[in-house]
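# Fold and geometry: a report
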Amino acid sequence: MLHLLLYLAALGQLTGANTPPTETDISSCPILYFGKRYTTIYVDSSGGKLSVCFKGPYSPGAKNDCLLASYGGVTNVEVRIEKNGTGPGSDFHLSLGQLTGSSPCTVSLILKDDRSTDHMLSQMRRFEDQAAVSVSLQDAFTQSSLEVDVQVDGVSLRHFSFTQKNKKYFRDLSGCRHSGVVYEPNTVACNSDSSSVVTCDASAALSVSPCGPGRRCQGNSQCVVYSTCTVTGPTVIDFNGHVSSVQDRCAYTLMSATGLQLLATFQERRRKDVSFLERVILRLDGSGVDIHLGQGGKVQLNDSTLSLNSSAQLIHGVELSKDKSGVTAKVTFSNYTTSILFDGTTAQIHVKGPGSLQGLCVNSSSLSEVRLSEFSSSSCETQYSEPADGRIDCTMMTARCNLLKEAPFTSCHSHVDPGPHVTACTSVLCMYPAVDGLRCQFLEVYAQACSLHSNHTLEGWRSKASCSPPQDLCQDASCSAHEFCGEDMSGRPRCLCRAAFASKYRTRGALGDPTVCGENSASVSLAACLLAEKGINHSVLHLNDHTCTGQMDEKTHMVTFGFNNSKPCGTVISAAKNKIIYSNTVKTDNSSVSGPISRQSLVNIDFSCFYSQPDVKSMSFKVKGGTAMQQIISGSWNYSLSMSMCADPACTQPIDFSKGVQLDQTIYMSLDTDGLDGNLITMKTESCWATNNENGNGGLRYDLVKNGCGNPQDSTVKVIPNGKGTGSVLAFRMFQFRGNNNNIFLHCKMKLCLKSSPSCQQNCQRGGRRKRSVRPDYEDENPAFVTVAWGP
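Residues numbered from 1 in each chain as written. Predicted model: local features only at pLDDT ≥ 70, side-chain atom pairs only at ≥ 80, totals over all residues. Heavy atoms only, no water.

### Thoughts on the sheet that holds strand β7 (residues 76–82)
The 5 strands lie next to each other as β7-β8-β9-β10-β13, forming an open sheet whose pairing is antiparallel. The sheet is open, and its two borders are formed by β7 and β13 (168–172), each paired with just one other strand. Adjacent strand axes in the sheet meet at a mean angle of 15° when their direction is disregarded. One ladder, built from 5 bridges, connects strand β10 (residues 130–137) with β13; its direction is antiparallel. Residue pairing for β13: Ala132 is matched across the bridge by Asp172. (Pairing = 2+ DSSP bridges. Helix = DSSP H or I, 4+ residues; strand = E, 2+ residues; numbered from the N terminus. Axes fitted to C-alpha atoms, helices over the stretch in contact; angles between N-to-C directions.)

Below, the structure written as structure tokens:
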């Protein structure tokens, strides 16, 4: 761009005399020299060198605007200022078509020898914002050519020469200067720091157009996006350096242009009121391709997981690689070159290219405009409030974040403003604990941004901030949707519970879900992340039988322990308070702890299922133990209780009630269950009675079975085991209440018990027969019962 200064070479022929340096005031006819106005010239011909300078006398190494030539024989240089105006149509305008306007005066330099013979004539004119020089060599000029060195600010630009005598040479001296740089007319270029586009038009008029925040001038003299968007935790530092915070758990568009969308999802971690960047998605327009960058260095192409290493792989035009610092994706689209580095907590998006972009990285305050329903749950916008963490010292955290304002970070301040990074750091660390690497994360992010913008690597900041080099602690960790990778109590990387998932367990001190009771089976599921919070490794847990260990679901990371009839796993069966209980325990013992000492609490989590009496629906029980104990609500096993009327003891001939039942006819009533463990449990008929009303209370009543035995007053009543172990057959002869021909209702109350229990072994003594008659009184019982009604 400085090569226009070549035209000044003609002036170099004006010197060569051995006269001492002369200073001439030309303020009456100032000369415009490549955009700079001069009112003084300095001419020196000593030492066989001819120099014409505009800032001061020539001196080797001085940053002057000078024309230098080697020419002997000149003893006098005459400077004349003449008020001879010229306008369009002059020989200057005819030779240099780009000139416009008029010139009111000229500065002439005449080189003479000791005989006052003219050797060269040069005229310099200013045409408003333009300037030009003419040079003519006279017949007395004896050299074959004149070599001229043009210097601007002491830097040599180009040599040129004049050879033909008696011919007038014209050169344009016009140009523009900006921030110490000279630009030729009709030039569009970037300024020295690429922050603006500089235009020097054909008339040498200067205009400077700043590119604005987040944009840089490139080689084609266009302002393009050349900046970094940083998303770290919940904060977004956009291309313009503005900071916003994502308060919810939704998905957003970080950046979009033709060919590529860059999306991000956010989720909570240890606190429900602070969200973190969870996943970055590259969506390639038109190809139906989504590339997911997730936690632990996991990269998925749609639903397929990719295997990556430090060697770049080209996947659908995206260059993917992974190292200890995270996953890097590079892609070029719509003349944009984009690089994304994601380490599981922070994404740094560096973009270079023309045109306009949209998304949070362009305007971080446009949250509502770029929120995506895709990848967002219906409740993602719900915001939570939690009590402040009293363990956080905000003053100390602020001082740590302010390290970004001190050396050695100061060496990068001219490239990356530390202000937004300090704001992001303090806003997070004053409300969220500095764990999981966050203590150094924000400093690391600024150092990386510095490297992206200046190719400058900050040295020494790690030792000052007591930060270790980045490690891939969570790389290749596979956590479930309700987990995130963080540090456990010992500082090791583990899949820990997200706050929203864990809250429903923490409020009741639980480590997992309630017991699930199936058909003669029971199971309990514990959350591996809840166990991890307490430093418990699920692999050392087992049931009463040490061979019965938990099975982890690879997707949900719930660890399930269970037992059934075929695999009891040391289950203990007991009877108490009208229920049969099957119980087991999830536990550790001293044998699972290595070394002379242990800080891990022993685990002892009871869970059970029970068979309840017909009048009992559910019960709860407590699990005892150390700090890892909890209460698990016990569940009940379902079974059916049926009653049927038959004409034979084996109940192969159902009674046809449509034909009526004859008085004194022997009736066999089968009381049976389905779904009980007949090897261990039996059902005992506690009592049966008949009434003349449906609800079983009040009115007329007649007892058939009391205390597990037939009515001793009625020899027709017999209780017969049905051979199945889980029911019985009641035999009696049909009757009716005196003076009442309405329906008779029969009610029975049953009791479950262990076969080995003495209460199931009962001897019934028969007594004298009692006449069947109306009983005006009734026993005031209020059991649940099974009812069968039939008519005469």
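Right, picking up where we left off after that structure.
### Here we look at the packing of helix α4 (residues 418–429) against helix α5 (residues 438–454)
Running from N to C, α4 and α5 point in directions that differ by 165°, and their axes come no closer than 10 Å. Judged by the angle between their axes, α4 and α5 are roughly antiparallel. Regarding α4 and α5, the two cross each other, and that crossing is right-handed. Residues Pro418, His421, Ala424, Cys425, Val428 and Leu429 of α4 form the contact with α5, whose participating residues are Leu438, Phe442, Val445, Tyr446 and Ala449. A class-by-class count of the residues in the contact of α4 with α5 yields 10 nonpolar, 1 polar and no charged. (Parallel < 35°, antiparallel > 145°, perpendicular 65-115°, else oblique. Left-handed = near helix turned anticlockwise from the far one by under 90°. Contact = heavy atoms within 4.5 Å. Nonpolar A, V, L, I, M, F, W, Y, C, P; charged D, E, K, R; others polar.)

### Regarding the side chain of Thr685
Tracing the backbone shows Thr685 in strand β47 (residues 681–691). For Thr685, a relative accessible area of 4% gives the class buried. When neighbours within four sequence positions are excluded, Thr685 is seen to be in contact with Leu671, Val705, Gly708, Ser728, Lys749 and Met750. (Buried < 20%, exposed > 50% of the residue type's maximum accessible area, 1.4 Å probe, protein only.)

### Quick notes on the sheet that holds strand β34 (residues 371–372)
The strand order β28-β27-β26-β25-β24-β23-β34 describes an open sheet built from 7 strands, whose pairing is antiparallel. Only two strands of the sheet have a single neighbouring strand rather than two, namely β28 (304–306) and β34. The pairing of strand β23 (residues 251–257) with β34 spans 2 bridges and is classified as antiparallel. Bridging across to β34, Ala251 finds its partner in Leu372.

### Describing the packing of aromatic side chains
Applying the stated criterion to the full structure yields 13 aromatic pairs. One aromatic cluster is present, formed by Tyr33, Phe34, Tyr38 and Phe54 through successive ring pairs. (Phe/Tyr/Trp six-rings, centres within 6.5 Å; stacked < 30°, edge-to-face > 60°.)

### Section: the confidence of the model for the protein chain
Mean pLDDT over the protein chain: 81, with 85% of residues reaching 70 or higher. Per-residue pLDDT, averaged within each element of the protein chain, yields its smallest value for strand β53 (residues 786–790) (32) and its largest for helix α3 (residues 394–401) (96). With pLDDT under 50 throughout, residues 1–18 is counted as low confidence; its partners more than four residues away or in other chains account for 103 contacts. (pLDDT = per-residue confidence, 0-100.)

### Describing the packing of α3 against α4
In contact at an axis separation of 9 Å, α3 and α4 are set at 155° when each is read in the N-to-C sense. The angle between α3 and α4 falls in the class roughly antiparallel. As α3 packs across α4, the resulting crossing turns out to be right-handed. Contact residues: Met397, Thr398 and Cys401 in α3; Val422, Cys425, Thr426 and Leu429 in α4. Along the lines of polarity and charge, the residues of the contact of α3 with α4 split into 5 nonpolar, 2 polar and no charged.

### Regarding the pattern of salt bridges
Applying the stated criterion across every chain, the model contains 17 salt bridges. For Arg270, the salt bridge identified is with Asp436, shortest N-O distance 2.8 Å. Placement of the pair is Arg270 in the loop between β24 (260–268) and β25 (275–284) and Asp436 in the loop between α4 and α5, with a sequence separation of 166 residues. In this structure, Glu533 and Arg506 form a salt bridge, with 2.3 Å as the shortest nitrogen-oxygen distance. Highlighted residues: Glu533 in helix α8 (residues 528–533) and Arg506 in helix α7 (residues 499–506), separated in sequence by 27 residues. On the accessibility criterion, Glu533 (26% relative accessible area) is partly exposed. Arg506 gets classed as partly exposed once you look at its relative accessible area, which sits at 41%. Within this structure, Asp248, Arg371 and Glu381 form a network of salt bridges that share partners. (Salt bridge = Lys/Arg side-chain N within 4 Å of Asp/Glu carboxyl O.)

### Concerning the environment of Tyr169
Structurally, Tyr169 can be placed in strand β13. Here the alpha-carbon distance between Tyr169 and Ser122, two residues 47 residues apart in the chain, equals 9.3 Å. Apart from the residues within four sequence positions on either side, Tyr169 is in contact with Val133, Ser134, Val135, Phe162, Thr163 and Gln164.

### Description of the side chain of His482
With respect to the helices, strands and loops of the structure, His482 is situated in the loop between α6 (461–465) and β35 (483–487). Here His482 falls in the buried class, since its relative accessible area comes to 15%. Among all residues touching His482, those that are not within four sequence positions of it are Leu496, Cys497, Arg498, Phe501, Cys529 and Thr556.

### Concerning the pairing of strand β9 (residues 118–127)
When you tally the buried positions in β9, you get 7 out of 10 residues, the bulk of the element. As paired strands, strand β8 (residues 106–112) and β9 are joined by 6 bridges and run antiparallel to one another. If you follow Leu109 over to β9, its bridge partner there is Ser122. Relative to β10, β9 runs antiparallel, the two sharing 8 bridges. Residue pairing for β10: Arg125 is matched across the bridge by Ala132.

### With respect to unusual backbone geometry
The amide bond that connects Ala407 to the next residue, Pro408, takes the cis arrangement and shows omega of 5°. Relative to the assigned elements, Pro408 resides in the loop between α3 and α4. Positive phi values are uncommon outside glycine, yet His316 reaches one of about 55°. Looking at the secondary structure, you find His316 in the loop between β29 (313–315) and β30 (318–323). Phi at Asn707 is positive, roughly 55°, even though this residue is not glycine. With respect to the helices and strands, the residue Asn707 is situated in the loop between β48 (701–706) and β49 (709–710).

### Observations concerning the nonpolar core
With 61 residues, the main nonpolar core has Leu526, Val586, Tyr611, Met669, Leu704 and Phe732 as its most contacted residues. One finds Cys229, Val236, Tyr252 and Ile340 within the second-largest nonpolar core, a separate group that totals 44 residues. (Core = buried A, V, L, I, M, F, W, Y, C linked by side-chain atoms within 4.5 Å.)

### Quick word on the environment of Leu99
Topologically, Leu99 is positioned in the loop between α1 (91–95) and β8. Note on Leu99: relative accessible area 6%, which makes it buried. The sequence separation of Leu99 and Ala131 amounts to 32 residues, and the corresponding C-alpha distance is 8.1 Å. Ignoring sequence-local partners within four residues, the contact set of Leu99 consists of Phe92, His93, Phe127, Gln130, Ala131, Ala132 and Asp172.

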